[in-house]
Amino acid sequence: MIKISPSILTADFTRLGDTLDMLIDAGVDMLHIDVMDGLFVPNISIGLPVLESINKRYDIALDVHLMIDRPHRYIENFVKAGADIISFHLEAGSDVAKTIDLIKSCGAKASLAIKPATPAKAVFEYIDMLDMVLVMSVEPGFGGQSYMPMAEGKISEIRSEAERRGADIDIQVDGGIDKTTCEYVKTAGANILVAGSAILKSDTPKLLISHMKENI
Ligand code: DX5
Ligand code: ZN
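Thresholds applied
- Residues numbered from 1 in each chain as written.
- Chains lettered and ligands numbered in written order.
- Predicted model: local features only at pLDDT ≥ 70, side-chain atom pairs only at ≥ 80, totals over all residues.
- Heavy atoms only, no water.
- Donors = N, O, S within 2.8 Å, 3.2 Å for Na, K, Ca; no water.
- Buried < 20%, exposed > 50% of the residue type's maximum accessible area, 1.4 Å probe, protein only.
- Near = heavy atom within 4 Å.
- Polar contact = N/O pair within 3.5 Å; in protein donor to acceptor, adjacent residues only side chain to side chain.
- Areas by Shrake-Rupley, 256 points an atom, 1.4 Å probe, with all protein chains shown as cover.
- Helix = DSSP H or I, 4+ residues; strand = E, 2+ residues; numbered from the N terminus.
- Nonpolar A, V, L, I, M, F, W, Y, C, P; charged D, E, K, R; others polar.
- Salt bridge = Lys/Arg side-chain N within 4 Å of Asp/Glu carboxyl O.
- Pairing = 2+ DSSP bridges.
- Axes fitted to C-alpha atoms, helices over the stretch in contact; angles between N-to-C directions.
- Contact = heavy atoms within 4.5 Å.

Q: Outline the coordination of the zinc ion (ligand 2), listing residues and values.
A: Only His32 (NE2), Asp34 (OD), His65 (ND1) and Asp174 (OD) from the protein coordinate the zinc ion (ligand 2), and they sit 2.1 to 2.3 Å from it. Mapped onto the polypeptide sequence, the residues donating to the zinc ion (ligand 2) form the spacing pattern H-x1-D-x30-H-x108-D. Taken as a pair, His32 and Asp34 share a single burial class, namely buried.

Following this line, the structure appears as structure tokens:
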């Protein structure tokens, strides 16, 4: 089953509640919350207070994408604020195995994210410990960028390795996913699609989301 996790990064934050009501009504499976610290990526976004407010008002799963330096420092805080899934970057300077264990011991699902320049094989040694791998299809930091086709090869490599190991993991893809590129990543083996600007800019978001959720 294909799941949709819309990124709220490009939302109008003065009307966040309306946007979330619209997304939930349109059939999304979870909400993708992009957290940036101005160090790991050259941008600063939202953080704990926004996550906490969303968690108080909505029942939907919260999928937190940490684009922060040394993420192990904040895992406990994000789980307490309501994160159900936490993605952290392999390139962010934390001990990967220890951070996966920490996320799981706090009671959330653990996901390892990789930037476009990081090869798929870098995640192989962690596959058996993980609930999800996040393959970035843009450089992390900004919404609205163009999809990078190199993501497809990485997704299929990770899908094959997971199958070889008998590991039932989710593969999420994030960046430039729209009506067209969603087909490429589904074919490659991704089953959770993050889409931000394509959904938030659409005049018919419900239709777009049901198209994205169609199996290939
Ligand atoms: C980029 C973020 C993405 C981004 C997706 O650093 O991790 O989640 O907001 O937005 P679109 O779908 O506009 O590329
Ligand atoms: Zn993201």
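Q: Which residues make up the site of ligand 1, and what are the values?
A: Taken together, 20 residues sit near ligand 1, with Asp34, Gly141, Asp174, Gly196 and Ser197 positioned nearest. Between ligand 1 and Asp34, the relevant distance is 2.8 Å, taken from an oxygen atom to a side-chain nitrogen or oxygen of the residue. Notes on ligand 1: free accessible area 380 Å², of which the protein chains cover 99%. Elements represented by at least two residues in the shell around ligand 1 include exactly β2 (30–36), β3 (61–67) and β8 (192–195). No other element matches the 3 residues that β2 contributes to the shell around ligand 1. Residue composition of the shell around ligand 1, grouped by class: 8 nonpolar, 10 polar and 2 charged.

Q: I'd like a rundown of the pattern of salt bridges, residues and numbers included.
A: Counted by the stated rule, this structure contains 9 salt bridges. Between Asp21 and Arg57 there is a salt bridge, with its nearest N and O atoms 3.4 Å apart. Here Arg57 lies in helix α2 (residues 48–57) and Asp21 lies in helix α1 (residues 16–25), a separation of 36 residues in the sequence. A salt bridge links Arg165 to Glu161, with the nearest nitrogen and oxygen atoms 2.7 Å apart.

Q: Can you break down the sheet that holds strand β1 (residues 3–6) residue by residue, with the values?
A: The sheet built from 8 strands is open, its strands ordered β1-β8-β7-β6-β5-β4-β3-β2 with parallel pairing. Sheet topology places β1 and β2 at the edges, where each strand pairs with a single neighbour. Neighbouring strand axes in the sheet, compared pairwise and without regard to direction, differ in orientation by 25° on average. Judged from the 5 bridges that link them, strand β4 (residues 85–89) and strand β5 (residues 109–114) form a sheet pairing that is parallel. Among the inter-strand pairings, Ser87 is bridged to a residue of β5, identified as Ser111. Its contacts with the sheet put α2 on β2 and β3, and the angle it makes with β3 is roughly 170°.

Q: Which residues make up unusual backbone geometry, and what values do they have?
A: Even without being glycine, Arg70 reaches a positive phi, approximately 45°. Summarising the element assignment, Arg70 is placed in the loop between β3 and α3 (75–81).

So, to be careful, I would describe these as geometric facts and stop short of saying anything about function.
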